[in-house]
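Read off the chains here:
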Protein chains: 2
Amino acid sequence: MPRYSLGLDFGTESVRAILVDLADGRVAASAEREYPHGVISDALPAGGAPLQRDWFLQDPDDYLYCLKQVVGESLEGGGTGADEVLGIGLDFTSCTLLPCDADGAPLCRDPELRSEPQAWVKLWKHHGAAAEAQQVAEAARRRGERFLDYYAGAISSEWLMPKVLETIHRAPQVYERAFTFVEAADWVVWQLTGALARSACCAGYKGQYVRELGWPSEGFLREVEPRMAGLFTEKMPGPVLAPGTRVGGLTGEWARRLGLAEGTPVAAPFIDAHAAVPGCGVTEPRTMALALGTSFCQMLLAREAVFFEGVAGIVQDGIVPGFYGYESGQTAGGDIYAWFVENCVPSEYKAEAERRGISAHELLTERAERLAPAQSGLLALDWWNGNRSILMDAELSGLLLGLTLDTRPEEIYRACIEGTMFGTRRIVQAYADAGLPVDRFVASGGIPRRNPFAMQLLADILNRPIEVAGAEQPAAFGSALLGATVASGRGGYGSIREAARALAPPPSGVYEPDPQAAKVYDRLYAEYVTLYDYFGRAEQVMRRLRDLRG
Amino acid sequence: MPRYSLGLDFGTESVRAILVDLADGRVAASAEREYPHGVISDALPAGGAPLQRDWFLQDPDDYLYCLKQVVGESLEGGGTGADEVLGIGLDFTSCTLLPCDADGAPLCRDPELRSEPQAWVKLWKHHGAAAEAQQVAEAARRRGERFLDYYAGAISSEWLMPKVLETIHRAPQVYERAFTFVEAADWVVWQLTGALARSACCAGYKGQYVRELGWPSEGFLREVEPRMAGLFTEKMPGPVLAPGTRVGGLTGEWARRLGLAEGTPVAAPFIDAHAAVPGCGVTEPRTMALALGTSFCQMLLAREAVFFEGVAGIVQDGIVPGFYGYESGQTAGGDIYAWFVENCVPSEYKAEAERRGISAHELLTERAERLAPAQSGLLALDWWNGNRSILMDAELSGLLLGLTLDTRPEEIYRACIEGTMFGTRRIVQAYADAGLPVDRFVASGGIPRRNPFAMQLLADILNRPIEVAGAEQPAAFGSALLGATVASGRGGYGSIREAARALAPPPSGVYEPDPQAAKVYDRLYAEYVTLYDYFGRAEQVMRRLRDLRG
């Protein structure tokens, strides 16, 4: 009988399921479905007042609806029997948070609260809590809270405490009424198993839960806001479990609904970005997993906790049990290339691309590839969407330097790509400076799939080979590894590491650095760092320009 | 009998003639003709090796051919009799230099030298003498030459000594053979009158002739290059005359050729940019003439010589006799706007503009006008073509700061225009700091004619009214004022100032500053200055990037 693990990847727009053969790691079937309500940013499905700019909500029932669809489709596609799926793992965007009743019913289902935005799922990128983030961070600094060390001293408005505090400020009745606030990842597991636990990955990276310290203390919360004092002690019950720990077995109802066996074990989940780390086959220290898409994320495992500037989070057991998982990030990568293609490609280029049946991106790439490093004289700071690592400053903005009357679009395009790769190098350097050198790089995401030119620039700029992950869907694959881990007693694996070693496919390719280019890029990088330090630390002109926007 | 002055404006591509009525300043006729050989940049008309990049030559016989055409056409157009033209004035690009025989024959006419580029006219923007400029400047600094003060310590590769030194280096036989080197302005006057004199304007701004000091000394020249020691003492005979001084009368031959009266007085000429100063009606101190076109030029008259950073030249009697003429400049203005329109306008914008029958520039302007100052968060350093005033550094480059994923093309376009106007404000500030405040601004050139949006930004950024010159062709009109001055004994005027007061038309319009916008721009300007000082003085990153281009 074939044996499979089911991996579920809940992204921003859709959920994807894959069935991975526990014998050889082959992906036997997969399916994807977009959330019917997608990202809710204009008005609630129930109607009512338009939402504020930068508010992003979701409907939790979309998750369940799509889950049923994609599992059904996967099982059908592979002709898989109910008994053949031995474990379930999942990943989710985070901090994607909802308030629930004690039975797991989302408050937004309640007719009384259906028109209250704060009762819905706040998506990870919901930006309504900037003031609250500041309030949390200031109180933590004032009290010298030790948990701050694990987040390089900063609290993002996208994280759990600011999001809950926003609810207290904007809709206190929702906070009062809520039995619990729960990450969507944990909520789906709760639905499937009837057991409420907290992913150590979500709790650690987004909830300021630190294994050695526990959740932030009641005393601290009271100083932030008295009404929030009981958040962790009263409103967030459930053990914090490392990804791959068994939370429970599939309930009879969900077994029937999904066409799987009752009691099929379900693993504690992780965040989608972090799922890609084991999904890329990375389960050991000194290998950095690079998630390169619209934004960039760098993740590294290490046996020790080292605190340094440039880390968005350090979480014990957060990615692979037994290790501290380090995470850093760049807020814009492919987003900048897309911005350029949308806003800065002249019509003659567009016309030529159309005539030749290629995209504007391909035409730009073709021309940009012919340039030598440094030939354009251009240099970009890749801060179009602020800087997460290492400066943690959302007010920073993009910079382009070296423009002349001869500057051509493909030169700017190349400089934009180079800028993002210099940003990655700066982060890698911060790790090395902190005593966490990197021996190997494994990349996943849209850029390695679709942009070999950018990948070559990354190899040249880091002056290191960049392996491309073998898994086509590394996050879903990582979740399937969780399923393989909880299936251990029934033919699965003893740990994520064992599962990854046995199942994760080898790299699909390697980008080797060009030593000549690397030499030139060393010099350009030095200039990048000069600008980086000046605009990132010494001089506040970018911040003042933002303030002047009014 | 009507009485006219003939003004001739020799530009880079063409010559223009106007007939100005000495009674009321009315332009009775005008004509323009492009040089048959235009700007020679690929190969000489005689064929031969391709010219080096950035070499720009001209054929002096083009000047004479076009001169005959435009004068003939003007006289016909106005039905003007030979006796009715009482004086001739002209302006020319400068330093536009040629080597001649003793009879005024250009060396490039000689069959033996016809294939030697150094024997032809070097146009003002000919760039073959960068090393020579450095050599001249270093020797002057070493010797503490006082003339340097009048040029803020810098020698441009476009000026006379570097151009001649280049000839010595590349074609010593041309230097040996030359009876004289002469500005094209003076050469045309020499042809017309048989008298060889030197325009105080050309000599002062481009030849380092300082009224109090004379030409640079033989000792200095010997230190630069022994072979050049006799340049001014042997190879540049002729008095240095202020513009508007009578050089001589039209020869019989030229009178016949042009259909004018023999002996018609011809004035010492000036440079085209400087001709626009009286052409705009500016003949007094404290009014700054702004020439706003592809590049920008600022000119001011003052009774005293004050040395300060930011002045490309201070020349006694260089523009209007009795005053020191100050000149500063920005190497790119409208050129940057044109660069943007050519390289950065996306196809949807182009399509919309075409659908509506407007230009891309007009569409961008329409959208940029709707933005409030500082709204985009963008700020540009306008150094796409280096910085002439006040930094005198050709290695500087353009900078754009404040980019975000929401940045739109019209925002960048507006920031580019604002950058050029901040550059003007920085120069005006340098004058004020030196004790030369400006009470009035009068603008001429392509920008005031075609870009009211940019003009309004200039008024807002300077927070001062900007008058637009009444004369449609201020340079040609300024030259006609020279003709009116030499015609003094025969119904003309006693001086350029008198002529300008009587004949120059009033401003055609005024751009008034918006006080609210001006307040915001004060703050943006402070940020501009921060970037200006950092990249212009403190930090050499732009220079290093240029060096890296290889």
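Scroll up for the structure.
Residues numbered from 1 in each chain as written. Chains lettered and ligands numbered in written order. Predicted model: local features only at pLDDT ≥ 70, side-chain atom pairs only at ≥ 80, totals over all residues. Heavy atoms only, no water.

A. Examining the overall build of chain A more closely. When helices and strands are counted, chain A shows 20 helices and 22 strands. Its C-alpha atoms give chain A a radius of gyration of 23 Å, near enough to 24 Å, the size a compact globule of 550 residues would have. Overall, the C-alpha framework of chain A stretches about 70 × 55 × 50 Å when taken along its three principal axes. Residues classed as buried in chain A amount to 63% of the 550 residues present. (Helix = DSSP H or I, 4+ residues; strand = E, 2+ residues; numbered from the N terminus. Rg over C-alpha atoms; globule rule 2.2 N^0.38 Å. Buried < 20%, exposed > 50% of the residue type's maximum accessible area, 1.4 Å probe, protein only.)

B. Examining the relation of the copies chain A and chain B more closely. Mapping chain A onto chain B leaves a residual RMSD of 0.0 Å; the transformation is a rotation of 180° accompanied by 0.0 Å of translation along its axis. Considering both components of the superposition, the chain copies are consistent with a two-fold axis. When the interface residues of chain A are mapped onto chain B, 100% of them are again interface residues, pointing to one common binding face. (Least-squares fit on C-alpha atoms with pLDDT ≥ 70 in both. Contact = heavy atoms within 4.5 Å.)

C. Focus on the nonpolar core. In this structure, Leu231, Tyr326 and Phe535 of chain A together with Leu231, Tyr326 and Phe535 of chain B are the most contacted members of the largest nonpolar core, which totals 249 residues. If we ignore the near neighbours within four places in the chain, the residues touching phenylalanine 535 of chain B are Leu401, Leu531 and Phe535 of chain A together with Leu381, Trp383, Leu396, Leu399, Val541 and Met542 of chain B. (Core = buried A, V, L, I, M, F, W, Y, C linked by side-chain atoms within 4.5 Å.)

D. Representation of the sheet that holds strand S21 (residues 466-468) of chain B within the structure. Residue and element names in this part refer to chain B. If you trace the seven strands from one edge of the open sheet to the other, you get S16-S17-S15-S14-S20-S21-S22, paired in mixed fashion. The open sheet is flanked by strand S16 (313-316) and strand S22 (509-511), the only strands paired with a single partner. Strand after strand, the sheet turns through a mean of 25° between neighbouring axes, direction not considered. Pairing analysis gives two bridges linking strand S20 (residues 440-444) to S21, with the strands arranged parallel. In the strand pairing of S21, valine 442 is matched with glutamate 467. Packed on one face of the sheet, helix H14 (residues 409-433) meets strand S14 (287-292), strand S15 (296-302), strand S17 (324-330) and S20 and runs near 150° to S17. (Pairing = 2+ DSSP bridges. Axes fitted to C-alpha atoms, helices over the stretch in contact; angles between N-to-C directions.)

E. Empty space enclosed by the protein, seen in detail. Summed over the entire model, instances satisfying the criterion amount to 17 cavities of 30 Å³ or more. As for the largest cavity, its lining consists of 16 residues, of which Cys344, Leu400 and Ile412 of chain A together with Leu400 and Ile412 of chain B are closest to the centre. Going through the elements one at a time, helix H11 (334-343), strand S19 (398-403) and helix H14 (409-433) of chain A together with helix H11 (334-343), strand S19 (398-403) and H14 of chain B are the ones with two or more residues in the lining of the largest cavity. A class-by-class count of the residues in the lining of the largest cavity yields 16 nonpolar, no polar and no charged. Roughly 70 Å³ of internal volume is contained in the second largest cavity. Around the second largest cavity, the lining residues are Tyr150, Tyr151, Ala200, Tyr209, Val210, Arg211, Glu212, Ile314, Val315, Gln316 and Tyr324 of chain A. The biggest single contributor to the lining of the second largest cavity is strand S16 (residues 313-316) of chain A, with three residues. (1 Å grid on protein atoms, 1.4 Å probe; cavity = no way out; pocket = protein on both sides within 12 Å on 5 of 7 lines; lining within 4 Å. Points joined across faces, edges and corners; volume = space filled by probe spheres on them. Nonpolar A, V, L, I, M, F, W, Y, C, P; charged D, E, K, R; others polar.)

F. Representation of the sheet that holds strand S21 (residues 466-468) of chain A within the structure. All names here are of chain A. Across the sheet, seven strands lie side by side as S16-S17-S15-S14-S20-S21-S22; this open sheet has mixed pairing. Looking at strand neighbours, the two that pair on one side only are S16 and strand S22 (509-511), the edges of this open sheet. Averaged over all pairs of adjacent strands, the angle between strand axes in this sheet comes to 25°, irrespective of strand direction. Along the sheet face, H14 touches strand S14 (287-292), strand S15 (296-302), strand S17 (324-330) and strand S20 (440-444) and points at about 150° away from the line of S17. Set on the sheet, helix H16 (residues 452-462) makes contact with S14, S20, S21 and S22; between it and S21 the angle comes to about 150°.

G. Inspection of unusual backbone geometry at higher detail. Cis rather than trans, the peptide bond between serine 94 of chain A and cysteine 95 of chain A has omega equal to 0°. By the secondary structure assignment, cysteine 95 of chain A is in the loop between strand S5 (85-92) and strand S6 (97-100). Although it is not a glycine, glutamine 208 of chain A adopts a positive phi angle of roughly 60°. The topology assignment puts glutamine 208 of chain A in the loop between helix H6 (200-207) and helix H7 (218-224). For glutamine 208 of chain A, a relative accessible area of 0% translates into the label buried. For aspartate 54 of chain B, which is not glycine, the phi torsion reads 75° and is therefore positive.

H. Region of interest: the packing of helix H10 (residues 272-279) of chain A against helix H17 (residues 474-486) of chain A. Residues and elements named next belong to chain A. Running from N to C, H10 and H17 cross one another at 75°; their axes reach a closest spacing of 7 Å. Taken together, the axes of H10 and H17 are roughly perpendicular relative to one another. Residue-level inspection shows Asp272, Ala275, Ala276, Pro278 and Gly279 of H10 in contact with H17, the latter providing Pro474, Ala475, Phe477, Gly478, Ser479 and Leu481. Partitioned by chemical class, the residues of the contact of H10 with H17 number seven nonpolar, three polar and one charged. (Parallel < 35°, antiparallel > 145°, perpendicular 65-115°, else oblique.)

I. Spotlight on the packing of aromatic side chains. For the structure shown, the criterion picks out 46 aromatic pairs over all chains. Ring centres 4.8 Å apart and planes at 85° place the aromatic pair tyrosine 63 of chain B and phenylalanine 92 of chain B in the edge-to-face group. Separated by 29 residues along the polypeptide, tyrosine 63 of chain B in helix H1 (residues 60-78) and phenylalanine 92 of chain B in strand S5 (residues 85-92) bring together distant segments of the chain. Like phenylalanine 92 of chain B, tyrosine 63 of chain B is buried. Aromatic pair tryptophan 215 of chain B and phenylalanine 232 of chain B: ring centres 4.5 Å apart, planes at 15°, arrangement stacked. One end of the pair, tryptophan 215 of chain B, is in the loop between helix H6 (200-207) and helix H7 (218-224); the other, phenylalanine 232 of chain B, is in helix H8 (residues 231-234), and 17 residues separate them in sequence. Assigned by exposure class, tryptophan 215 of chain B and phenylalanine 232 of chain B land together as buried. Clustering of aromatic rings is evident, with ring pairs tying together Trp383, Phe422, Tyr521, Tyr525, Tyr528 and Tyr532 of chain A. Over the ring of tyrosine 175 of chain A we find lysine 235 of chain A; its NZ or CZ atom is 4.8 Å from the centre of that ring. The lysine or arginine in question, arginine 367 of chain A, covers the ring of tyrosine 349 of chain A, its NZ or CZ lying 4.3 Å from the ring centre. (Phe/Tyr/Trp six-rings, centres within 6.5 Å; stacked < 30°, edge-to-face > 60°. Lys NZ or Arg CZ within 6 Å of the ring centre and 35° of its normal.)

Worth remembering: the numbers are spatial, not functional.
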